[in-house]
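Listed below are the residues making up each chain.
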Amino acid sequence: MIDLHCHLDGAITPDIAKKLGALQNIELPAKDDDELLKKLSVPEDCESLNDFLQCFGLPLRLLQTKEGIAEAVRLVQENAKSEGIIYLEIRFAPQLHQINGLTQKEVIEAALEGLKQSDLHTNLILCLMRSDHNQDENLETVELAKKYLVKDEGVVAVDLAGAEALFKTADFKKEFELARSYGIPFTIHAGEADGAESVKTAIEFGAKRIGHGVRIYEDPELVEYIAKNEIPLEVCPNSNRQTKAVSDMTKYPLKDFISKGIKVTINTDDPAICRTNLKKEFSYIEKMYGITSDQKKQLLLNAAKAAFCSDEYKIELISKINLGD
Ligand SMILES: [Zn+2]
């Protein structure tokens, strides 16, 4: 299996949190495992996006030192590997890891150090953040992405994350013009908390993939365009259920997208916060939407083809999936 959309701070399970706490002498604000789980994840009946966003507080506190970041990257990779992932893309926003004074460059280098410690084939995506007072930080992230960009096994792309409904995709034109001028591939979270227009803007900017993109169903012409131009969608079903990106999951457009030929990929988004993993995501869509094993294989092949990795490794991934990985 392949996970193309996994946030580092959303992948800190209670077990990883305990290890990071011990490593850095940070006392966890929970008296037992139950309380820790509640602090790090949303319950099945997650009520609001706010409940969801509150879960990022503790993970981010544990990700403010070089050792903490490197070890977190390694542990998230090891977790993914143990759950059957053969290729992983981890994303994080360097600017969210500067509370203790690390520079963005140091944050990226720490993550790269962690990457070397695991043998799971993994790449890093650097997130810019949606806000109205951080353009300098975002531009710095793009500059650093250029500096560290490799074809494989390192920094391979940038992304835009954060509150889509509050800060429009269109406001980040300058950042993505720069990324594009440097030839940095990028994905953009769009069509999750905001509508189809946000996805259109992301495509105009030159996004190679779209994070979520589920709300393109609001615009049939755009659905057709995305299918025709084979722009992959990084779909994260349980995250969308919990953040209410789609209010009624029985009307989730997954099957419709697949039948229209859209290159859908299935991902976890925030596996620890959503209490999920890729196996659970696939069981969910099999149960809810009757996704067949042939369709599952197609979804995995879509992910292999959409991966931000070298062409050589893509071929290897495709053949592994054809063999049943
Ligand atoms: Zn995401």
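See the structure printed just above.
To start, this report covers the structure provided alongside it. (Residues numbered from 1 in each chain as written. Predicted model: local features only at pLDDT ≥ 70, side-chain atom pairs only at ≥ 80, totals over all residues. Heavy atoms only, no water.)

### As for the overall build of the protein chain
Per the secondary structure count, the protein chain includes 15 helices and eight strands. By the compact-globule yardstick of 20 Å for 325 residues, the protein chain fits well, its C-alpha radius of gyration being 18 Å. Its C-alpha atoms put the protein chain at 50 × 45 × 40 Å along the principal axes. The 325 residues of the protein chain split such that 59% are buried. In the protein chain, the share of contacts with a sequence separation of at least 24, taken over all contacts with a separation of at least 6, comes to 72%. (Helix = DSSP H or I, 4+ residues; strand = E, 2+ residues; numbered from the N terminus. Rg over C-alpha atoms; globule rule 2.2 N^0.38 Å. Buried < 20%, exposed > 50% of the residue type's maximum accessible area, 1.4 Å probe, protein only. Contact = heavy atoms within 4.5 Å.)

### Focus: the coordination of the zinc ion
Coordination of the zinc ion by the protein comes from His5 (NE2), His7 (NE2), His189 (NE2) and Asp269 (OD), over a distance range of 2.1 to 2.2 Å. Considering all four donor atoms around the zinc ion, angles at the metal cover 85 to 169 degrees and the coordination shape is irregular. Read from N- to C-terminus, the donor residues coordinating the zinc ion fall into the pattern H-x1-H-x181-H-x79-D. On the criterion of sequence distance, the pair formed by histidine 5 in strand β1 (residues 2-7) and histidine 189 in strand β5 (residues 187-190) is long-range, its members being 184 residues apart. By relative accessible area, which is 5% here, histidine 189 ends up buried. (Donors = N, O, S within 2.8 Å, 3.2 Å for Na, K, Ca; no water. Tetrahedral: all angles 85-135°; square planar, octahedral: opposite > 155°, others 65-115°.)

### Here we look at the packing of aromatic side chains
In the structure shown here, the tally under the stated rule is six aromatic pairs. Ring geometry for tyrosine 87 versus tyrosine 313: centroids 5.7 Å apart, planes at 55 degrees, classification tilted. Residue tyrosine 87 is located in strand β2 (residues 87-92), and its partner tyrosine 313 is located in helix α15 (residues 311-322); the two are separated by 226 residues in the primary sequence. For the pair tyrosine 87 and tyrosine 313, one class covers both residues: buried. Ring plane angle 20 degrees and centroid distance 5.9 Å describe the contact between phenylalanine 176 and phenylalanine 205, whose orientation is recorded as stacked. (Phe/Tyr/Trp six-rings, centres within 6.5 Å; stacked < 30°, edge-to-face > 60°.)

### A look at the sheet that holds strand β4 (residues 155-161)
What the four strands build is an open sheet, ordered β1-β2-β3-β4; its pairing is parallel. Each edge of the sheet is formed by a strand with only one pairing partner; in this case those strands are β1 and β4. Between one strand and the next, the sheet's axes are offset by a mean angle of 25 degrees, whatever the strand orientation. Strand direction decides the pairing type here: β2 and strand β3 (residues 121-129), joined by six bridges, are parallel. Note that in β3 the partner of isoleucine 90 across the bridge is leucine 124. Taken strand by strand, helix α7 (residues 135-148) contacts β3 and β4, and its axis lies near 155 degrees from that of β3. (Pairing = 2+ DSSP bridges. Axes fitted to C-alpha atoms, helices over the stretch in contact; angles between N-to-C directions.)

### As for the pattern of salt bridges
Side-chain pairing between opposite charges can occur once the charged atoms of the two side chains come close. Within the structure shown, the criterion is met by 20 salt bridges. Here arginine 91 makes a salt bridge to aspartate 159, at a shortest N to O gap of 2.9 Å. Placement of arginine 91 in strand β2 and of aspartate 159 in strand β4 is noted, with a sequence separation of 68 residues between them. Assigned by exposure class, arginine 91 and aspartate 159 land together as buried. For glutamate 113, the salt bridge is made with lysine 116, and the minimal N-O distance between the two is 3.3 Å. A residue pair is termed a helical-turn pair when its members lie 3 or 4 positions apart in one helix, as glutamate 113 and lysine 116 do in helix α6 (residues 104-116) at three residues. (Salt bridge = Lys/Arg side-chain N within 4 Å of Asp/Glu carboxyl O.)

### Brief notes about helix α9 (residues 196-205)
α9 sits mainly inside the fold: seven of its ten residues count as buried. All buried positions along α9 are accounted for by Ala196, Ser198, Val199, Thr201, Ala202, Ile203 and Phe205. Contacts made by the buried residues of α9 are with α8 (173-181), β5, β6 (209-212) and α10 (220-228). Looking one or two residues beyond α9, the residue adopting positive phi is glycine 206, at roughly 110 degrees.

### Details of the pairing of β5
Across the two faces of β5 the burial is the same, with Thr187 and His189 and Ile188 and Ala190 all buried. Sheet topology note: the β5/β6 ladder contains four bridges and is parallel. Directly across from alanine 190, in β6, lies its bridge partner histidine 212. Traced from β5 through α9 to β6, the parallel crossover comes out right-handed. (Right-handed = clockwise from strand over helix to strand, strands pointing away.)

### Regarding the sheet that holds β6
Pairing within the open sheet is parallel, and its four strands lie in the order β5-β6-β7-β8. The open sheet has two edge strands, β5 and β8 (264-266), and neither has a second partner. Ignoring which end each strand starts from, the neighbouring axes of this sheet average 30 degrees apart. In terms of strand pairing, strand β7 (residues 233-235) meets β8 through three bridges, oriented parallel.

### Points about the packing of helix α1 (residues 14-24) against helix α5 (residues 66-82)
Running from N to C, α1 and α5 point in directions that differ by 155 degrees, and their axes come no closer than 10 Å. By the angle class used here, α1 and α5 are roughly antiparallel. The crossing of α1 and α5 is right-handed. Where α1 abuts α5, its residues Ile16, Lys19, Leu20, Leu23 and Gln24 lie against Glu67, Gly68, Glu71, Ala72, Leu75, Val76 and Asn79. (Parallel < 35°, antiparallel > 145°, perpendicular 65-115°, else oblique. Left-handed = near helix turned anticlockwise from the far one by under 90°.)

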